[in-house]
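Residue-level listing of the chains:
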Amino acid sequence: QDNRVVVTTPPLSTAMQFILIDRILELEPGRRIVAVKNLTLAEEYLAEHFPGFPVLPGVLMLEAIVQASAWLIRITEDYSHSVIVLKSAKAVKYGNFVTPGRQLTLEAEITRSRDGETELKAEGTVDGVRTVSGRITLEAYNLRDRDPVLHSLDGEIVASLKKQFLVL
């Protein structure tokens, strides 16, 4: 009897994810980024958060900041890493709600970068009023560094990200 386990990875296009950046407005590689997220009633997570008073969940506000910051790092490093993840979030504060029909403006500025980690100061605002702010640390790496078999997947991820950036 064959007891081997076969692990398959779904194609990148079928991976479920929320893309929380609609447009990059300003990008200064190595320094800062300004991006926007337009919130609409069509977003499925609003049905439950909160019924009768839909608002962007705080964790998704933070995720939008992470996604904008990841774009800044990708462009700064010329896509040298396929994966960028949140390592830590400190001093995160929430202000006003973000409701459908509003535009969340996200700004992030690099405060320090070394050894695959980048620290940023970031905030989200709606019409100039702060909705979220904090300091985050993102870690960048390649899958091949953790498992050499995944080398080709790094290339696929980077190619997909480059296509996505053209839309932003």
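Just so it is clear, the model here is predicted, and its values are computed rather than measured.

About the criteria used
Residues numbered from 1 in each chain as written. Predicted model: local features only at pLDDT ≥ 70, side-chain atom pairs only at ≥ 80, totals over all residues. Heavy atoms only, no water. Pairing = 2+ DSSP bridges. Helix = DSSP H or I, 4+ residues; strand = E, 2+ residues; numbered from the N terminus. Salt bridge = Lys/Arg side-chain N within 4 Å of Asp/Glu carboxyl O. Buried < 20%, exposed > 50% of the residue type's maximum accessible area, 1.4 Å probe, protein only. Axes fitted to C-alpha atoms, helices over the stretch in contact; angles between N-to-C directions. Parallel < 35°, antiparallel > 145°, perpendicular 65-115°, else oblique. Left-handed = near helix turned anticlockwise from the far one by under 90°. Contact = heavy atoms within 4.5 Å. Nonpolar A, V, L, I, M, F, W, Y, C, P; charged D, E, K, R; others polar. pLDDT = per-residue confidence, 0-100. Core = buried A, V, L, I, M, F, W, Y, C linked by side-chain atoms within 4.5 Å.

Some details on the pairing of strand E4 (residues 103-114)
Right, so step 1: Pairing geometry for strand E2 (residues 32-38) and E4, over 7 bridges, is antiparallel. Looking at the pairing, Ile 33 lines up with Ala 108 of E4.
Right, so step 2: Two elements, E4 and strand E5 (residues 117-126), share 9 bridges in a ladder whose sense is antiparallel. Among the inter-strand pairings, Ala 108 is bridged to a residue of E5, identified as Ala 122.
Right, so step 3: Once E4 ends, the chain turns through 2 residues before running back antiparallel as E5, passing Asp 115 with a positive phi of about 50°.

A word on the pattern of salt bridges
Right, so step 1: Applying the stated criterion across every chain, the model contains 11 salt bridges.
Right, so step 2: Here Lys 37 ties to Glu 43 by a salt bridge, and the two come within 2.8 Å at their closest N and O atoms. Each member of the pair, Lys 37 as well as Glu 43, is classed as buried.
Right, so step 3: Ionic pairing is found between Arg 146 and Glu 139, a salt bridge with its closest N-O pair at 3.3 Å.
Right, so step 4: A cluster of three or more residues bridged by salt bridges with shared partners is formed by Glu 26, Glu 28, Arg 31, Arg 32 and Glu 107.

Quick word on the sheet that holds strand E6 (residues 129-141)
Right, so step 1: A sheet is described by the order of its strands in space; here 6 strands give the open sequence E1-E2-E4-E5-E6-E3, paired in antiparallel fashion. Looking at strand neighbours, the two that pair on one side only are strand E1 (23-28) and strand E3 (83-94), the edges of this open sheet. On average, each strand axis in the sheet is tilted by 20° relative to the strand beside it, whichever way the strands run.
Right, so step 2: The pairing of E3 with E6 spans 9 bridges and is classified as antiparallel. Bridge assignment links Val 85 to a residue of E6, and that residue is Glu 139.

With respect to the packing of helix H1 (residues 58-76) against helix H3 (residues 151-167)
Right, so step 1: Two elements in contact, H1 and H3, have axes separated by 12 Å at closest approach and are oriented at 110°. Relative to H3, the element H1 lies roughly perpendicular. Crossing handedness for the pair H1 and H3: left-handed. Where H1 abuts H3, its residues Trp 71, Arg 74 and Ile 75 lie against Leu 161, Gln 164 and Phe 165.
Right, so step 2: Class assignment for the residues of the contact of H1 with H3 results in 4 nonpolar, 1 polar and 1 charged.

A short note on the confidence of the model for the protein
Right, so step 1: Here the protein shows a mean pLDDT of 91. Residues at 70 or above account for 90%.
Right, so step 2: Under a pLDDT of 50 for its full length, residues 4-16 has, in the predicted model, 4 contacts with residues more than four places off or in other chains.

Considerations on the nonpolar core
Right, so step 1: Among the nonpolar cores identified, the biggest contains 42 residues, and Leu 56 and Leu 120 are the most heavily contacted of them.
Right, so step 2: Taken together, the elements giving at least two residues each to this core come down to E2, H1, E3, E4, E5, E6 and H3.
Right, so step 3: Contacts of Leu 56, omitting those with residues within four sequence positions, involve Leu 39, Tyr 45, Leu 46, His 49, Met 61, Val 98 and Leu 104.

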